[in-house]
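Secondary and tertiary structure notes
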Amino acid sequence: SWCDAILCYGSFLQPAGARPATHIPWHNSAYRREILLSFGDRLDFLLQADSALQSALARQGYRFSMAAQASTEHWNSSVLRHQLIALFWGNRLYAANRATLDNWGFPRRLLYAISWPAIAALRLWRACRICFSLGDRRLRYSTLLPVLAAGACVAAAGEACGHLFGLGPHTLRRRCHYELNRTLHVTPSEVAMLAE
């Protein structure tokens, strides 16, 4: 669960005052309805991954901000196998949408795909920096660091597949399965907590 939080939401884990932001947390953000509707038929595609939506909004000159008092309770996968599978599909979705939105040609897609070891190393380095800056006594570093390394590699592999093969026929459905069925992807002791 901590690995998922750090890899996916690391830069948003510590409280911060109201401030402008270059991007805001995926799935835990609010957008103006009239602005979203102005995208028309493109909105379906843009809502597949918040990164695509935020990129399209930024291109139109819209800015983002973090609200000082905003907070959320976010449930992450706590079953390792499920968390790694969700990371793979989420990052394949992210990469496929990014390449499509920015009109990447095959040479650029291939370059990013073969760079997956460097992307994994960068993700792990960032995750470790965040992990140690949290200073949370609940973190068990001896367990967390190897899981972060595995998660960074799986996420980078998902990106490589997204760059090379695009979205594919089942990526969105598989990603939604992990996003929308949280009780299936947490340890049995946490299921009761989700019901509260």
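First, a word on scope: everything that follows refers to the structure included in this document. Since this is a predicted model, take the numbers as computed values, not measurements.

A few points about the side chain of Asn91
Within the secondary structure layout, Asn91 lies in helix 5 (residues 80–101). In this structure the side chain of Asn91 is engaged in a polar contact, spanning 2.6 Å, whose partner is the side chain of Arg123. If we ignore the near neighbours within four places in the chain, the residues touching Asn91 are Arg123, Ala155, Gly158 and Glu159.

Concerning the nonpolar core
Ile24, Phe39, Leu46, Leu53 and Leu57 are the most contacted members of the largest nonpolar core, which has 14 residues in total. Of all the secondary structure elements, the ones that give two or more residues to this core are helix 2 (33–37), helix 3 (43–46), helix 4 (50–59) and strand 2 (64–66). In terms of residue count, the dominant contributor to this core is helix 4 (four residues). Not counting chain neighbours up to four residues away, the residues in contact with Ile24 comprise Phe12, Ser29, Tyr31, Gln54, Phe64, Ser65 and Met66. The next biggest cluster of nonpolar side chains, apart from the first, holds 11 residues, and it includes Leu7, Leu87, Ala127 and Leu144.

Observations regarding unusual backbone geometry
Unusually for a residue other than glycine, Asn103 sits at a positive phi of about 60°. In this structure, Asn103 sits in the loop between helix 5 and helix 6 (106–114).

Re the pattern of salt bridges
Across all of its chains, the model carries three salt bridges by this definition. A salt bridge links Arg123 to Glu159; its shortest N-O distance comes to 2.7 Å. Here Arg123, found in helix 7 (residues 116–134), pairs with Glu159, found in helix 8 (residues 141–165); they are 36 residues apart in sequence, far enough to count as distant. When the shortest N-O distance is used, the salt bridge between Arg175 and Glu179 registers 2.5 Å. With Arg175 and Glu179 both in helix 9 (residues 171–180) and four residues apart, the pair spans about one turn of that helix.

Side note on the packing of aromatic side chains
In total, this model carries two aromatic pairs according to the counting rule given. Taking the centre distance of 5.0 Å and the plane angle of 90° together, the rings of Phe88 and Trp89 count as edge-to-face. Residue classification places Phe88 among the partly exposed positions, given a relative accessible area of 21%. With a centroid separation of 4.6 Å and 40° between ring planes, the pair formed by Trp104 and Tyr112 is classed as tilted.

The rules behind these values
Residue positions are given per chain, counting from 1 as you read along its sequence in written order. Per-residue local features of the predicted model are confined to residues with pLDDT of at least 70, and side-chain atom pairs are confined, for both listing and counting, to 80 or more; whole-chain, interface and lining totals are unaffected and use all residues. Just so you know, side-chain values use all the structure's heavy atoms and leave hydrogens and water out. We count a stretch as a helix when DSSP gives it H or I for four or more residues in a row; a strand needs E for two or more, and each element gets its number in order from the N terminus. Polar contacts, as used here, are pairs of N or O atoms within 3.5 Å; protein pairs need one atom able to donate a hydrogen and one able to accept it. Residues neighboring in sequence count only if both atoms are side-chain atoms. The contact rule is simple, with two residues in contact once any of their heavy atoms fall within 4.5 Å. As used in this record, nonpolar core signifies buried Ala, Val, Leu, Ile, Met, Phe, Trp, Tyr and Cys residues forming a set joined through side-chain atoms within 4.5 Å. Each residue gets one of three labels from its accessible area relative to the maximum for its type: buried under 20%, exposed over 50%, partly exposed in between, using a 1.4 Å probe on protein chains only. Salt bridges are counted wherever a side-chain nitrogen of Lys or Arg sits within 4 Å of a carboxyl oxygen of Asp or Glu. Pairing of aromatic rings covers Phe, Tyr and Trp, the last counted by its six-membered ring, and requires centre-to-centre distances within 6.5 Å; plane angles under 30 degrees mean stacked, over 60 mean edge-to-face, and any other angle means tilted.

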